[in-house]
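Structural overview for review
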Amino acid sequence: MRIALIHALRHSPPPIEAAFARLWPEATLMNLLDDSLSADLARDGRITEAMTGRFLSLASYARATGADGILFTCSAFGSCIETVQRALSPLPVLKPNEAMIEEAETVGGRIGLLASFGPTLQSMPPEFPGSLTVVPKLAEGALAALDRGDGPEHDRLAALAARDLADCDAIALAQFSLARAASAVAATTGKPVLTTPDSAVRKLKRLLSR
């Protein structure tokens, strides 16, 4: 079973590969990375038609390699991925956060949404069902720490920001790159922590094992 992983941040492959190793080691993975997408979104401040076209090109290439399913790991590009889902149906194409949102719905109540990439906090909250109260929080400086190779500082800043979410029923880590801080966030807040990699692997395995 071949799964194509498509990334817009260079920090995304390790956490999703680790999740597959734990939860579905039999899957064969391929990685496609275009980290200029996240840079262009930060520069433009909005999703453009050209970005959507690039997502379609990446996904079409993945399908042509024989991928049985595609998982996008870039949570700030929801509308681009929805276009891919429509274009490639019935091939399973998952948005990075949809499985985690489904798991958050089973928790219910107030869900803290922690992100280290600002645009994610604009695009992702509307994807949650109205039955949930989403409390967004930006981990200031965490992504910059990861960019310079300082993983421990990234995790410290994520846990520090998560303190403001301690009154929530669960905390959802909005990006694949944040998954590495899950244990630190849980230790700081004492709350259940949901991560996009683990949730996504569980859902893909269910879909493709039918």
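The coordinates are above.
What this report covers is the structure whose coordinates are included nearby. (Residues numbered from 1 in each chain as written. Predicted model: local features only at pLDDT ≥ 70, side-chain atom pairs only at ≥ 80, totals over all residues. Heavy atoms only, no water.)

On a plain count of helices and strands, the chain comes out with ten helices and eight strands. In summary, the chain has a C-alpha radius of gyration of 16 Å against a globular reference of 17 Å for 210 residues, a match within 12%. Dimensions along the principal axes, computed over C-alpha positions, put the chain at roughly 45 × 40 × 35 Å. For the chain, buried positions account for 53% of its 210 residues. Contacts in the chain between residues at least 24 apart in sequence constitute 65% of all its contacts with a sequence separation of at least 6. (Helix = DSSP H or I, 4+ residues; strand = E, 2+ residues; numbered from the N terminus. Rg over C-alpha atoms; globule rule 2.2 N^0.38 Å. Buried < 20%, exposed > 50% of the residue type's maximum accessible area, 1.4 Å probe, protein only. Contact = heavy atoms within 4.5 Å.)

The strand order across the open sheet built from four strands is E6-E5-E7-E8, with neighbouring strands paired in parallel fashion. The sheet is open, and its two borders are formed by strand E6 (133-138) and strand E8 (193-195), each paired with just one other strand. The average angle at which neighbouring strand axes cross in this sheet is 25°, direction not considered. Of the pairings in the sheet, the one linking strand E5 (residues 110-115) to E6 comprises six bridges and is parallel in character. (Pairing = 2+ DSSP bridges. Axes fitted to C-alpha atoms, helices over the stretch in contact; angles between N-to-C directions.)

So, on to unusual backbone geometry. It is generally the case that most residues other than glycine have a negative phi and that most peptide bonds are trans. Across the junction of Ser89 and Pro90, the peptide omega takes the value 10°, indicating a cis bond. Position of Pro90 relative to the elements: it lies in the loop between helix H4 (78-88) and strand E4 (93-94).

This next bit is on helix H8 (residues 151-162). In this model, H8 (twelve residues) spans 17 Å end to end at C-alpha, consistent with the 16 Å of a helix rising 1.5 Å per residue. For H8, the complete set of buried residues consists of Gly151, His154, Asp155, Leu157, Ala158, Ala159, Ala161 and Ala162. Those residues of H8 hidden inside the fold are in contact with E5, E6, helix H7 (142-147), strand E7 (170-173) and helix H9 (182-189). At the N-terminal end of H8, a side-chain oxygen is found 3.1 Å from the backbone nitrogen of Glu153, two or three residues along, and the residue is Asp150. (Expected span 1.5 Å × (residues − 1). Polar contact = N/O pair within 3.5 Å; in protein donor to acceptor, adjacent residues only side chain to side chain.)

Fair warning: the whole summary comes from geometry, so function is off the table for now.
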